[in-house]
Amino acid sequence: MNTKNNDNEKGYWNNYYAVKDVPLLPSQFAVFVANEITPTVVVDIGCGNGRDSLFFARRRLPVIGIDASQSAVDSCIAKAMEEYLHDTSFVCSNISDPKLNDVIIEKIKGYERGILLYSRFFLHAVDESAQEKLFTLASKILSQYGGCLALEFRTPEDKERIKVTDKHYRRYIGMQEAIDSAKEHSLVATYQVQGLGMAKYKSDDAHVARILFSYSET
Ligand SMILES: C[S@@+](CC[C@H](N)C(=O)[O-])C[C@H]1O[C@@H](n2cnc3c(N)ncnc32)[C@H](O)[C@@H]1O
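Computed from a predicted structure; not experimentally measured.

1. As for helix H1 (residues 6-19)
Its 14 residues give H1 an end-to-end C-alpha distance of 20 Å, which sits within 8% of 20 Å, the value for a rise of 1.5 Å per residue. Residues of H1 that are buried include every one of Glu9, Tyr12, Tyr16 and Tyr17, and no others. Mapping the buried residues of H1 onto a view down its axis gives an arc of 115°, with all of them on the same face. Away from its buried face, by an angle of more than 90 degrees, H1 presents the exposed residues Asp7, Ala18 and Val19.

What follows is the structure, encoded as structure tokens:
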């Protein structure tokens, strides 16, 4: 059974970002989102080694990266310093930390409305309770500050497909299932697509869903 052990998973990601040669080029999803949305500030949830955070920062956008892995966050900070990307900050935090909402609000409060909450390959890396935390957080922030939640994640059609990274916890989520769960938090899908060719890395041509959400009470 594919059960999630939080300590094992944290260890997995810490080791992954400490020792592996992880791609630093931005993802196809980041480029897609940058074409679609012009935010005032980007919050990258589950930012990993910062491949996409740094891409947004190089486009002169203020970026806040959040990740539970200290080695991932350390690597983001080091790279941002190397590239003199001063309008960035990286926070080591679990999505389930009840203080995270206040931490983000504190960092974004000076910006105009129009936040991009960006989260790539995070949803399938966490369990349902963490997914709920993400939607709760997104709903609170977007209701106050406006903007968009952009998600990309592996779908059930991806389960048996080739992977190039080691075996670890992956929860495959149907696109409609994610849309329905988000709706309970007043997050409404404004764009959705799924398929192959959108998140290809070597022999891993992941079957993914991409969804853009905005906040709407109706
Ligand atoms: C598959 S990686 C995606 C990294 C990056 N977004 C990308 O697309 O390359 C998933 C990331 O989520 C982080 N993560 C997993 N569970 C988390 C949690 N509960 N809270 C915060 N970050 C978490 C991991 O440390 C890892 O960096």
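2. Points about the sheet that holds strand S9 (residues 208-215)
The strand order across the open sheet formed by seven strands is S3-S2-S1-S4-S5-S9-S6, and the pairing between neighbours is mixed. Among the strands making up the open sheet, the edge pair consists of strand S3 (88-92) and strand S6 (187-195). Adjacent strand axes in the sheet meet at a mean angle of 15° when their direction is disregarded. Pairing analysis gives eight bridges linking S6 to S9, with the strands arranged antiparallel. Counted as the bridge partner of Val188 is Ser214 from S9.

3. Regarding the site of the ligand
Around the ligand, a shell composed of 16 residues is seen, among which Gly46, Asp67, Asn94, Ile95 and Arg120 lie nearest. At 2.6 Å from an oxygen atom of the ligand is found a side-chain nitrogen or oxygen belonging to Asp67. Between the ligand and Asn94 there is a distance of 3.1 Å, counted from a nitrogen atom to a side-chain nitrogen or oxygen. The protein chains hide 91% of the 590 Å² of surface that the ligand would expose on its own. Of the residues in the shell around the ligand, the class split is eight nonpolar, five polar and three charged.

4. A short note on the packing of aromatic side chains
According to the stated counting rule, one finds nine aromatic pairs in the structure shown. Between Trp13 and Tyr16 the ring centres are 5.3 Å apart and the planes differ by 90°, which places this aromatic pair in the edge-to-face class. Taken together, the residues span about one helical turn, with Trp13 and Tyr16 both in helix H1 at a distance of three residues. For Tyr16, a relative accessible area of 13% translates into the label buried. Taking 5.4 Å as the distance between ring centres and 25° as the angle between the ring planes, the aromatic pair formed by Phe29 and Tyr118 counts as stacked. With Phe29 in helix H2 (residues 28-36) and Tyr118 in strand S4 (residues 115-120), this pair connects stretches of sequence that are 89 residues apart. We classify Phe29 as buried; its relative accessible area is 0%. Residue Tyr118 is classed as buried on the basis of its relative accessible area of 1%. Here the aromatic cluster, defined as three or more aromatic residues joined through ring pairs, consists of Phe29, Phe32, Phe55, Phe56, Tyr118 and Tyr191. Against the face of Phe121 rests Arg120, its NZ or CZ located 3.9 Å from the ring centre. Of note, Arg210 hangs over the ring of Phe32, and the distance from its end group to the ring centre comes to 4.8 Å.

The rules behind each value
Every chain is numbered independently, its residues counted from 1 as its sequence is written. Given that this is a predicted model, residues contribute local features only at a pLDDT of at least 70 and side-chain atom pairs are listed and counted only at 80 or more, while totals for whole chains, interfaces and linings are drawn from all residues. Here the side-chain values reflect all heavy atoms present in the structure, with hydrogen atoms and water set aside. Helix numbers and strand numbers start at the N terminus; a helix is a DSSP run of H or I with at least 4 residues, a strand a run of E with at least 2. Helix span, as expected, comes to 1.5 Å for every residue beyond the first. To sort residues, take the accessible area from a 1.4 Å probe on protein chains only and compare it with the maximum for the residue type: under 20% means buried, over 50% means exposed, and anything in between is partly exposed. The reported arc concerns the directions from the helix axis to the C-beta atoms and nothing else. DSSP-based pairing: two strands are paired if at least 2 bridges between them are found. Helix axes are fitted to C-alpha atoms over the stretch in contact, other axes to C-alpha atoms as well, and angles between N-to-C directions run from 0 to 180 degrees. Nearness here has a simple test: a residue counts as near a molecule or strand if at least one of its heavy atoms is within 4 Å of that partner. Identification of polar contacts relies on pairs of N or O atoms within 3.5 Å, with a donor-acceptor requirement for protein atoms, meaning one able to donate a hydrogen and the other able to accept it, and with residues adjacent in sequence counted only if both atoms are side-chain atoms. Areas reported as accessible are Shrake-Rupley estimates using a 1.4 Å probe. Residue values count occlusion only from the protein chains shown. The nonpolar class holds Ala, Val, Leu, Ile, Met, Phe, Trp, Tyr, Cys and Pro. Asp, Glu, Lys and Arg form the charged class, and all remaining residues, Gly among them, are polar. Each Phe, Tyr or Trp ring, with Trp reduced to its six-membered ring, pairs with another whose centre is within 6.5 Å; inter-plane angles below 30 degrees give stacked pairs, above 60 give edge-to-face pairs, and intermediate values give tilted ones. The rule for a charge over a ring is simple: NZ of Lys or CZ of Arg within 6 Å of the ring centre, and within 35 degrees of the ring normal.

Any functional reading would require information beyond the geometric quantities listed.
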